[in-house]
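# Residue-level structure breakdown
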Amino acid sequence: MGRSPLLFLLLIYLSLATITKSQSTNTQNITSINIGALYTYNSVIGRAAKLAIEMALEDVNSDPTILPGIKLNLVSQDTKCSGFLATVEALQVLEKNVVAIIGPQSSGGSHILSHVANSLQVPLLSFSATDPTLSSLEFPYFLRATQSDQFQMRAIADIVEFFQWREVTAIYVDDDYGRNGIAALGDELALRRAKISYKAGFGQAADLTEITDLLIRVNLLESRVFVLHVNPDSGLNVFSVAQKLHMTESGYVWIVTDWLAAVLDSKGYGLGYGYESVGANPKVFNLIQGSIVLRWHTPDSDLRLKFVSRWRNKTGNTDSKSGLNAYSLYAYDSVWIVAHAIDQYLKTKGNSVDFSIDPKLHDVNGSTLHLAMLKIFNGGKGLLQDLLSTNFTGVTGQVQFGPSRDLIQPAYDIINVVSTGPRLIGYWSNYSGLSVVSPEILYQKPQNLSGQTRKLYDVVWPGGTAQQPRGWVFPNNGQPLRIGVPNKVSFRQFVSSGSDSESNNNASGFCIDVFNAAIKLLPYPVPCSFVLIGNGTSNPIYDDIINMVAQNKLDAAVGDIAIVKNRTKIVDFTQPYTGAGLVILAPVKHQSSSAWAFLKPFTLPMWCVIGAFFLLVGIVVWILEHRTNEEFRGPPREQLATIFWFSFSTMFFAHRQNTVSVLGRFVLIVWLFVVLIITSSYTASLTSILTIQQLTTGITGLDSLIASHDPIGYQVGKFTKNYLIEELNIPESRLVPLNTIEEYAYALMRGPQGGGVAAIVDEKPYVDLFLLTYCDNYRIVGQEFTREGWGFAFQRDSPLAVDLSTAILTLSENGELQRIHDQHLTSNECSAEDTGIGANRLSLSSFWGLFLISGIVCFLALIIYFIMICIQFKKHYKNDSDTREDQATHPENRLQCGKQQPRQLASFSSFKELIEMWNTKEEDIRKKRQNSGEMSRKYSGNGSLTSQHSMD
């Protein structure tokens, strides 16, 4: 519905805005109350609402529990699908002192009359105005007894997400109802990373020619998912034109809002409300076959079945002309909402209703509009609150308003129209999303929006196919895709201009063959034409090619294009089809060997420390094993030879002496581990030295490259230059642009002193190709320090990027990608990171940790050993002292004791005795200790006998 002329609206609005509460009409007990109704009688919605409102009014007036003793009168006017007439008819209704109005039918009329309702404080309750913006705070006196399109568009967005479409085309009637509904759809799709690619609106009075022109433009676009949001009275005209344009065939998707379900139900073609439909109409269902349709969900109940039965009786059981649809149910409940609210209001206000008039309306610019007849309903705010507090069970289910002033528990049936008629494939509710389980069952369970229960039954799509349409095609403008290809002067094995009879284009190479192979795997044809970018004498700037794609000058870019951060911000890339990280290429020279090459693996300090530790460990083990191990005893010369032999034989794990002490074995185990590491490192280093190619520039990796001040080469047009400047902070003055393989070799050969470069930074595929020709004198140094890959660039949100990514993965899995690689690029053995390039001699700094551990173990072993020796010596010395004392107490031993040394002289010989005890075998010490014990017991016995004789 369109809005009325601005002049007329402005006059009414300004007039009503001046109304103030001046004086009240007489307040008295009432026996009847007037309510209004505004809708278009001769429309799908109006025909459904008219009988429902009459039935509801009859039921209310016959129910003694509602408004007892008060008759509810209906003042109804036909708006005739006109915003202007809706305003005029509304003023006539308001003159009858109505306390509420059921309607208006259209969203446009609701916008206009809401301003009037705000001024006169008369609530509006619409059963069909679904514009989401009507819920705003601007219209406090507007309520709807149906669901807002905000929820319907949320359901459609969930359907789009469920089938993984990313773009839709919206076809709608260009009024408040259509525009604001589609705006809500755009917001909901954005939350799901989808969008409306094109909005196609047409006027309410559009004829078939205008609709045809509109659909022709839509059909030229990429998206094949259409959301149709129009009025019930003209919606089938869109399908009629679409069928003539072959837009209802296979490959198309039509998602239709609730208007189509209302049309089908009104004609008796729908699912029905507890009764069988009259069957399929081939003419109608051929138009809409395969469509997905939404319908307001109303739960099965006895109230609804009773209502439907009465409806059929009143219409003579002619379902095809009865006009019963969801609007009938909501219109019926609207009357009951008003009745319940008025009943509660009268109980609160003492069974009275009063209005106010404004004398100023008599002389508003000499107006003859009879504005004085318009009165303010003084109880409007109270009645509004009673409306919002309504809570009862109606034919549509639970009738209750939520905090957002919308009915609670919004839900929709998801219907798929097939050749035999509509069929239910699922439900949507704001509580649980998409599901094949009815909302009433899910309301009794915990809320679950994780997506695990979101599913629908199988859909039959337009054309009668069960295969889901991909939702897009190439724009039908008669032009193939414009594929930009870099016209390079170097590395033409990857991309080059030329004739390719197989693909019938002017480009060839590894990248082109990968693209063509991936295109062949797509389940649909892709017409494309390669456009060479560049003059062929120098490499083009790749960032410029990407910008051309982003600016719609090209549809895609194919070639050796690296996927880097700044490019992904403006275009979409496919899955990488090859790795292309940055590496460093540097010149090398062969180093001649010498007779003393075996000494080069270690530095001089390293050799000295190794020799010292060999001797140290030999001495420590000899000390620890000397007392207990016969193999470590003998004449001094033999023991010295044992130390040297044992020490150096451990280098080859060929020592023949066995260790028997715990400490000796522990020291030896640690030292053998150190020897293992040293010998392994020596072998690897010596092997490298004997086969080494020495770097001529001293650059061994990324760190040395950054630290040096030598020139660095890079390939013209690639992202390498920006990376070196922006990421590695290398001055641009150090960078030297190079184009061809020959320029690479010449610049490296001349070196920094000769005006060349010290190294070249480039992507690994180029370096590998370079080394195929110059394998002997150049090598990759260091590691690959970035992890980019090459991919094909497309415009943002292009679905072709996703499909080609899947195709590239298929090529990789079936080996075709490797076959294409081998066809264009021969394997290069010397391109890998070289073993021994720039190898350095091993120094003490690499092994001091091992030597430190070994030294600490030796020191701790010696400390523990000497502590044990001292304890043992103390016990031995004490036993000797006790023996001497025992001997001194016996007369027969005094002569022998006199021959012994004084105790003071014995203390000075303790250290000598300690050394002698250490040099004595452990076995001899043990025997001596036993003999000392026996002598002590003997002397103790003799002493006891002597004492006995003295006592006698």
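Anyway, here's the lowdown on the structure attached to this text. Since the structure is predicted, the reported quantities are computational estimates derived from the model, not experimental observations.

### Describing the overall build of the protein
When helices and strands are tallied, the protein shows 32 helices and 33 strands. Buried residues in the protein amount to 52% of all 952 residues. Contacts in the protein between residues far apart in sequence, at least 24 positions, make up 75% of those at least 6 positions apart. As displayed, the protein offers around 44,100 Å² of accessible surface, 54% of which is attributable to carbon and sulfur atoms.

### Quick word on the sheet that holds strand β8 (residues 195-202)
Judged by pairing direction, the sheet is mixed, and its eight strands sit side by side in the order β8-β7-β9-β10-β11-β16-β17-β18 without closing on themselves. Either end of the sheet is taken by a strand with one partner, and the two such strands are β8 and β18 (433-435). Looking at each pair of strands side by side, their axes are set apart by 25° on average, direction ignored. Bridge count for strand β7 (residues 167-173) against β8 is seven bridges, and the pairing is parallel. Paired with Val173 across the two strands is Phe202, which belongs to β8. Relative to strand β11 (residues 292-296), helix α5 (residues 149-162) is tilted by about 145°, and along the sheet it contacts β7, β9 (225-229), β10 (253-256), β11, β16 (411-418), β17 (421-429) and β18. Running at roughly 80° to β11, helix α9 (residues 258-266) makes contact with β9, β10, β11 and β16 of the sheet.

### As for helix α25 (residues 764-773)
In terms of burial, α25 is a largely internal element, eight of the 10 residues being buried. Where α25 is concerned, the buried positions are Lys764, Pro765, Tyr766, Val767, Asp768, Leu769, Phe770 and Leu771.

### Brief notes about the packing of aromatic side chains
Enumeration over the complete set of coordinates arrives at 42 aromatic pairs. Taking the centre distance of 5.4 Å and the plane angle of 85° together, the rings of Phe494 and Tyr766 count as edge-to-face. Linking Phe494 in the loop between β19 (481-486) and β20 (496-500) with Tyr766 in helix α25, this pair joins segments that are 272 residues apart in sequence. Classification of Phe494 by relative accessible area gives buried; the value is 1%. Accessibility expressed as a relative area gives 0% for Tyr766, which makes it buried. Ring geometry for Tyr766 versus Trp790: centroids 5.3 Å apart, planes at 50°, classification tilted.

### Observations concerning the nonpolar core
Across soluble globular proteins, you tend to see nonpolar side chains buried next to one another. Membership of the largest hydrophobic core comes to 112 residues, with the highest contact counts inside it found for Ile255, Phe307 and Ile342. The greatest single-element share of this core, amounting to 15 residues, is contributed by helix α13 (residues 326-349). Leaving out residues up to four positions away in the same chain, Ile255 has contacts with Ile156, Ile159, Val160, Trp165, Val225, Phe226, Val227, Leu228, Ile292 and Leu294. Grouped together as the second largest cluster of nonpolar side chains are 86 residues, Cys511, Ile563, Val767 and Phe785 included.

Criteria and thresholds
Residues numbered from 1 in each chain as written. Predicted model: local features only at pLDDT ≥ 70, side-chain atom pairs only at ≥ 80, totals over all residues. Heavy atoms only, no water. Helix = DSSP H or I, 4+ residues; strand = E, 2+ residues; numbered from the N terminus. Buried < 20%, exposed > 50% of the residue type's maximum accessible area, 1.4 Å probe, protein only. Contact = heavy atoms within 4.5 Å. Areas by Shrake-Rupley, 256 points an atom, 1.4 Å probe, with all protein chains shown as cover. Pairing = 2+ DSSP bridges. Axes fitted to C-alpha atoms, helices over the stretch in contact; angles between N-to-C directions. Phe/Tyr/Trp six-rings, centres within 6.5 Å; stacked < 30°, edge-to-face > 60°. Core = buried A, V, L, I, M, F, W, Y, C linked by side-chain atoms within 4.5 Å.

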